[in-house]
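This is what each chain is made of:
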Amino acid sequence: MWIHPEEVLLAGALWVSERANPFFVLQRRRGHGRGGGLSGLLVGTLDVVLDSSARVAPYRILLQTADSQVYWTIACGSSRKEITEHWDWLETNLLQTISIFDNDEDITTFVKGKICGIIAEENRLKESEEQEEDSGKFREAELKMRKLFGMPEEEKLVNYYSCSYWKGRVPRQGWLYLSVNHLCFYSFLLGKEVTLVVPWTEVTQLEKNATLVFPESVRVSTRHTEHFFSMFLNINDTFKLMEQLANIAMRQLLDNEAFAADRSLPKPCKTLKNVSALKRDFDARAKNERYRAMFRLTQDERLDGHTDCTLWTPFAKMHVVGQLFISNNYICFSSKEEDLCQLIIPLREVSIVEKADSSSVLPCPVSISMKNKMNFLFANLKDRDFLVQRISDFLQRTPDSSWGDTNPLSLIGQSVSSSVPLSSSAESGGNGPHKGRHYHHGLPTASQGLLQLYHHDAPENLGPKAMKEKMKEEAWNIHFSEFGRGVCMYRTSRARELVLNGIPERLRGELWLLFSGAQNEMASHPGYYGDLVEQAMGLCSLATEEIERDLHRSMPEHRAFQNEMGIAALRRVLTAYAHRNPSIGYCQAMNIVTSVLLLYCTEEEAFWLLVALCERMLPDYYNTRVVGALVDQGVFEELTRAFLPLLYEHMQEMGVISTISLSWFLTLFLSVMPFDSAVLLVDCFFYEGIKVIFQVALAVLHDNMDALLSCNDEGEAMTILGRYLDNVVNKQTVAPPIPHLHALLTCGDEPPPEMDVFDLIKSSYERFGSLRSDVIEQMRFKQRLKVIQSLEDTAKRSVVRAMMTESAFSIEELEELYCLFKSKHMTSCYWGSSSSAAERHDPSLPYLEQYRIDPVQFAQLFSALAPWVCGGHTPTLSARLFRLLDQNQDGLVNFKEFITGLSGMYHGDMTEKLKLLFKLHLSPALCPEEAESALEAAHFFTEDEPPETSFLSDLDTLRQQEVTSGEEGKDGGGDGEEKKEVKDYRYYLRMWAKEKEPKKETIKDLPRMNQEQFIELCKTLYNMFSEEPLEQELYHSIATVASLLLHIGEVGKKFGNGSKKPETTPQAPPTALEDEGVPGEGASGEAQVCQALADAQLESPAPQTSDEETKDDTSVSSYSVVSSGSLQCEDIADDTVLIGTQQRRGSVLDVDWSITFEQVLASLLTEPPLVDYFERKGDIQAKMAACKAQRVVERQTSSASDLELTQHSA
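As the structure is a prediction and not an experimental result, all values here were calculated from the model.

## Here's the deal with the overall build of the chain
- When you go through the chain residue by residue, the secondary structure sums to 49 helices and 25 strands.
- Looking at the 1210 residues of the chain, the share that counts as buried comes to 51%.
- Residue pairs at least 24 apart in sequence account for 70% of intrachain contacts in the chain once pairs closer than 6 positions are excluded.
- In the structure as shown, the chain presents an accessible area of about 57200 Å², 53% of it carried by carbon and sulfur atoms.

Right, dumping it as structure tokens:
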């Protein structure tokens, strides 16, 4: 490529001149190409260690002038071809011009100007913004990565680091390249080259450790091996980036979401040296995730910046030191001292932002006034003017809030009768006319939670319990008056104390919304839930069926769900969420959690709480494979090992931990603990997050440690824990007792002593309160890699087990084939293809059908693995097999279909193999498109004759007649009694079931083959033998068999002309063959089969008056088998007439000639070479090994342009 001219003082050092003229010198780097000796090895090592650009561009062109000692580099190249093109351009376009100049300085100025002009034009044509953002040094590293590892242009480098890779006990110094989809390492030391490529999707473990052998190293584990890297300049930065990339890969495995770069990042003030736009993107993502998790904000919230400041806290009468965060919709504050103070200010609630007067006591203050009359004062801001400007920019983009931060309790005091009439309107569909409102009129629980409706008949005074409840309410009211109410409340450790003492029932819904962040989401999407309910109404899917099945199992012991009103509300919330998030849809346990939310919240509030739970607080818990719950199960096991090591060992032997924890986590203890007790854990969960659930689970195990250590089996341990949880009571509840179904089932003779839930929560904080959320997130990452990879392994085992009965491949072969097939699918996920990967991957399908590939990928696998190698004809054969296997005609083939085709070629007997080959030359394998060019060719050599109907249209007519007669019979039989109708209904169901059963296809079921299809079959057979040792014998056998079959077809034609019309496709006869002598011993198969066709004395059309025949050699081979040596297969395919359902214009067709599969089989059996060929067993192991090796080689040698070429040719 052309480069900006740079001075070179020593032109000869480390470079060898290969070409020269008076003005330019073409040079090659020492050690590159042939030879090089010791100096070459040293130069190569130096280039790698110093990250020299000469490693990726070992050729260069220098500009020189006669009088000057200074040289200028003007071009560099990675290959001789590339640099030669530049050299030729210079000689052609510049050499003559500059030879006229008198002054050397003018020559230098002219050439430099010309080169800079070319580069400027190239940059203008490049539309890639990323490349412009990235520094030149980084772009060079990206080019180097693509060249070294053979990556296409779609593969983006994120960052690269100098480090050592431990190969055995020897460290190899080199460069670690972290791209979006691969971890790559390259080292070249004194002739020893090390190249490593690990896809992130294959990583099972990432660990940062320090041992005596590996000082402060990173261990990257895959299923089969471990890699150690050390000697990083900044190991923490590298490891964090590795974690992010591995996380993205796991997300790809889960839902096939390819990585999409964030285009809306703010532009840097200056181009950062060696930092790519992607690296900035990843850093921004990490900061955004931490920010969103800290303040429980929505997924689309992006941090704009943060700065140190102080906040005046009126409740403590002091300035608190902390950090101010600004994003597109919020201003947030967090104190440096943990739990001292946290604040969230939604911009939709801000009325005024102003700079207050500065003083020595209060430097650079900013005052923010809210619509609810609250004021916040920030001071000690470094860049106050810029900060206020950013806030005002965001405020201008913030839409005015239509209903503000209203208090959800404002409606609770209303009479209950106001909400009762609404239940009748819910029956009619719940469509509120006022779109965009907070609540829709058609919803029966729009004004309050279900619990309020069923407490109106409870006695008002419950004595000390009611007094305790009122005292709690009063404590919260005092807190609100002191710290504020709603989203803008000052959040301090005092709030946690109040939560741990239990939230009063009247405030529970409001505070759940506040602490979970659901209130912010609801406020920014007014009317969204009502619209979802309307859209989802009446829709039927797998999710809605599962919801209907579970509705009456959701808290059936509670009065609110013993009538249609509660059930209808639950149905609407679950259906609306399934409609919002089809990737999750519905999962068991969601019904239990949602029914509890509905008791304390309105329908819309319950919906947004469910959104917060499923998408933020319990990520991936409720997807099809409950991955999130399995991850937290692994985290819980790790925590048990750390805090309760003795118990962990004993319970691992019994396998209890994995059994118990899943139900605890999925339902937040609601399904295993009395409702009044479990709801207190939900209070703590919404305030603290998942760490509370881990703490309580550990406390439960700790309390039962002695009993569990004396257990002998899993059942006994489960009983102990079940009975303990059944007796966790809430003595302060004011609600009437609700029978706990689990307790009724597990009660024994001696109930264990009751455990107060407040004591359990208190002891969990005392013993395990040291748990930190960031540590849990780190543990979740480690477990996520393990869980997802083990799920992938389970899927592979399931697929292999299912295919064992349907194919003759061994377990090892099937596993290897599955990995190759899946890697093709994954490649399409991140490097793009003709159809998006998300369309091909449906997690709801059986494992066998989850991964699917398109024709291009199928062609690549076919050419690498199929035993029938047909040279240039292979893509055609691959396309036909793809159409044959693609039974549902969606343009994709799943693993089961792929193995079916491959197994037939490798493990079928001769009959099976020939049957597959025969079917590849019938419809649908042969498609009409393939015949278009052949039809045009046939038109030149044939006269117009009346068109005749094709075999396919005859077949369609026959089918229509059968269907019609069947329907008539059905209608005729329907006039009888009702009993008969029922019998008919069952009869047709049985018939349908029989039709669905796979029928064993016999050779008699195969349709007849016409002349065109037969010629295609001959061509395929001919191409199959081009690389065989017994090539000549096989060609001779084909010629003999072809001649025999042509005669059989002729004889069959004479017998078939009488009474019945033969089932053959109309076709054009071959053109008249020219008189060509058959060559001697070296005769090609083409000539032999041409002779065989001539011997068959086929009908020929009227003589041609034009001299087309003599002009065009391809007319000879239009209906003959042609060798890949003499003519390219692509040319032949264009001249071949295939099946088509449309009538063929101007063709003279031999409608009578046809043969059956039995005739083909019998004819082939007469030739021992052909019998031996088809009886021979193929070795797929060698093919798979070669395929693996080829993948490694491709990475090192191919370029993006090569990849495109292969795809186009395929």
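## A short note on the sheet that holds strand β7 (residues 170-179)
- In space, the seven strands of this open sheet follow the order β9-β8-β7-β6-β12-β11-β10, with antiparallel pairing throughout. Edge positions in the open sheet fall to β9 (192-199) and β10 (203-209), since each of these has one partner strand only. Shown here is a sheet whose adjacent strand axes are inclined to one another by a mean of 30°, direction ignored.
- Bridge count for strand β11 (residues 217-222) against strand β12 (residues 226-230) is four bridges, and the pairing is antiparallel. Following the sheet pairing, V218 is matched in β12 by F229.

## With respect to the pairing of strand β15 (residues 330-335)
- With respect to burial, β15 is a largely interior element, six of its six residues being buried.
- Taking every second residue as pointing to the same face, both faces of β15 are buried, with Y330, C332 and S334 on one and I331, F333 and S335 on the other.
- In this structure, strand β14 (residues 318-327) lies alongside β15, joined through five bridges in antiparallel fashion. Residue pairing in the sheet places G322 in a bridge with S335 of β15.
- Linking β14 to β15, which pair antiparallel, is a turn of two residues.
- By the bridge criterion, five bridges tie β15 to strand β16 (residues 342-346) in an arrangement that is antiparallel. Counterpart to C332 in the pairing with β16 is I344.
- Counted along the chain from β15 to the antiparallel partner β16, the turn is six residues long, and its residue D339 has a positive phi close to 65°.

## A few points about the nonpolar core
- Among the nonpolar cores identified, the biggest contains 156 residues, and F378, W512, M590, Y622, W664, F669 and L701 are the most heavily contacted of them.
- Other than its neighbours up to four places away in sequence, F669 contacts W664, A678, L681, I693, V696, A697 and L725.
- By size, the runner-up hydrophobic cluster in this structure holds 112 residues, among which are L176, W868, I899 and L1006.

## Details of the pattern of salt bridges
- The full count for this structure, using the stated rule, is 40 salt bridges.
- Of the charged contacts in the structure, one is a salt bridge between E18 and R28, with a shortest N-O distance of 2.7 Å. Here E18 is found in strand β2 (residues 15-20), whereas its partner R28 is found in strand β3 (residues 24-29), with 10 residues between them in sequence.
- Where E615 meets R580, a salt bridge forms, and the shortest distance between an N and an O atom there is 2.9 Å.

## With respect to the pairing of β14
- Pairing geometry for strand β13 (residues 303-313) and β14, over 10 bridges, is antiparallel. From the neighbouring strand, T307 faces β14, where its bridge partner is L324.
- Adjacent in sequence and paired antiparallel, β13 and β14 are bridged by four residues, among which K317 carries a positive phi angle near 55°.

## So, helix α35 (residues 874-885)
- With 12 residues, α35 should reach 16 Å at 1.5 Å per residue; the first-to-last C-alpha distance of 16 Å fits that figure.
- Counting buried positions along α35 yields nine of 12 residues, so the element is predominantly enclosed.
- Here α35 has its buried residues at T874, T876, L877, S878, R880, L881, F882, L884 and L885.

## Some points on the packing of aromatic side chains
- Scanning all chains against the criterion turns up 44 aromatic pairs.
- Seen from their ring centres, Y291 and F295 are 5.6 Å apart, and the 65° between their planes marks the pair as edge-to-face. Taken as a pair, Y291 and F295 lie in helix α8 (residues 277-295) at a separation of four residues, close to a single helical turn. When sorted by exposure, Y291 lands in the same class as F295, which is buried.

## Observations concerning the sheet that holds β3
- The five strands lie next to each other as β1-β5-β4-β3-β2, forming an open sheet whose pairing is antiparallel. Of all strands in the sheet, those with a lone pairing partner are β1 (2-8) and β2, marking the two edges. Neighbouring strand axes in the sheet, compared pairwise and without regard to direction, differ in orientation by 35° on average.
- When strand β4 (residues 59-63) meets strand β5 (residues 71-77), the two strands line up antiparallel, connected through five bridges.

## Brief notes about the confidence of the model for the chain
- Mean pLDDT over the chain stands at 76; residues scoring 70 or higher make up 72%.
- Averaged pLDDT values over the elements of the chain bottom out at 33 in helix α10 (residues 422-427) and peak at 95 in β15.
- Long-range and interchain partners of residues 402-446, a stretch whose pLDDT sits below 50, account for 85 contacts in this model, where long-range means more than four residues apart.
- Confidence over residues 1057-1089 falls short of pLDDT 50; this stretch has 82 contacts with residues more than four positions distant or in other chains.

## Overview of helix α21 (residues 627-643)
- Along its 17 residues, α21 runs 24 Å from first to last C-alpha, staying within 8% of the 24 Å computed at 1.5 Å per residue.
- With respect to burial, α21 is a largely interior element, 13 of its 17 residues being buried.

## Regarding the packing of helix α14 (residues 505-516) against helix α24 (residues 675-688)
- At a minimum axis distance of 8 Å, the contact between α14 and α24 shows a crossing angle of 35°. Of α24, the residues touching α14 (which contributes R508, W512, F515 and S516) are V679, L680, V682, D683, F686 and Y687.
- In terms of residue class, the contact of α14 with α24 is built from seven nonpolar, one polar and two charged.

## Focus on unusual backbone geometry
- Look at M231: it is not a glycine, yet its phi comes out positive at around 65°.
- Note that M231 resides in the loop between β12 and α7 (235-255).
- When its relative accessible area of 54% is taken as the criterion, M231 is described as exposed.

## Digging into the state of the cysteines
- All chains considered together, the criterion is met by zero disulfides.
- Sulfur of C587: no disulfide; nearest cysteine sulfur belongs to C614 and is 8.6 Å away.

## So, the side chain of D756
- By the element assignment, D756 lies in strand β21 (residues 755-756).
- Among buried Asp, Glu, Lys and Arg side chains, D756 stands out as unpaired, with K731 the closest opposite charge at 4.8 Å.
- Residues contacting D756, with those up to four places away along its chain left out, are V729 and K731.

## Structural notes on the environment of F758
- Mapped onto the secondary structure, F758 falls in helix α29 (residues 757-768).
- Of the residues examined, F758 reaches a relative accessible area of 15% and is grouped as buried.
- Sequence separation between F758 and V729 is 29 residues; the distance between their C-alpha atoms is 8.8 Å.
- Beyond its immediate sequence surroundings of up to four residues, F758 is in contact with K472, L500, N501, G502, L680, N730 and Q732.

## Focus on the environment of G502
- In this structure, G502 sits in the loop between α13 (493-500) and α14.
- Owing to a relative accessible area of 1%, G502 belongs among the buried residues under this scheme.
- Sequence-wise, G502 and Q732 are 230 residues apart; in three dimensions their C-alpha atoms are separated by 9.1 Å.
- Among all residues touching G502, those that are not within four sequence positions of it are K472, W476, L680 and F758.

Rules and cut-offs
- Residues numbered from 1 in each chain as written.
- Predicted model: local features only at pLDDT ≥ 70, side-chain atom pairs only at ≥ 80, totals over all residues.
- Heavy atoms only, no water.
- Helix = DSSP H or I, 4+ residues; strand = E, 2+ residues; numbered from the N terminus.
- Buried < 20%, exposed > 50% of the residue type's maximum accessible area, 1.4 Å probe, protein only.
- Contact = heavy atoms within 4.5 Å.
- Areas by Shrake-Rupley, 256 points an atom, 1.4 Å probe, with all protein chains shown as cover.
- Pairing = 2+ DSSP bridges.
- Axes fitted to C-alpha atoms, helices over the stretch in contact; angles between N-to-C directions.
- Core = buried A, V, L, I, M, F, W, Y, C linked by side-chain atoms within 4.5 Å.
- Salt bridge = Lys/Arg side-chain N within 4 Å of Asp/Glu carboxyl O.
- Expected span 1.5 Å × (residues − 1).
- Phe/Tyr/Trp six-rings, centres within 6.5 Å; stacked < 30°, edge-to-face > 60°.
- pLDDT = per-residue confidence, 0-100.
- Nonpolar A, V, L, I, M, F, W, Y, C, P; charged D, E, K, R; others polar.
- Disulfide = S-S within 2.5 Å.
- Lys, Arg positive; Asp, Glu negative; His and termini not counted.

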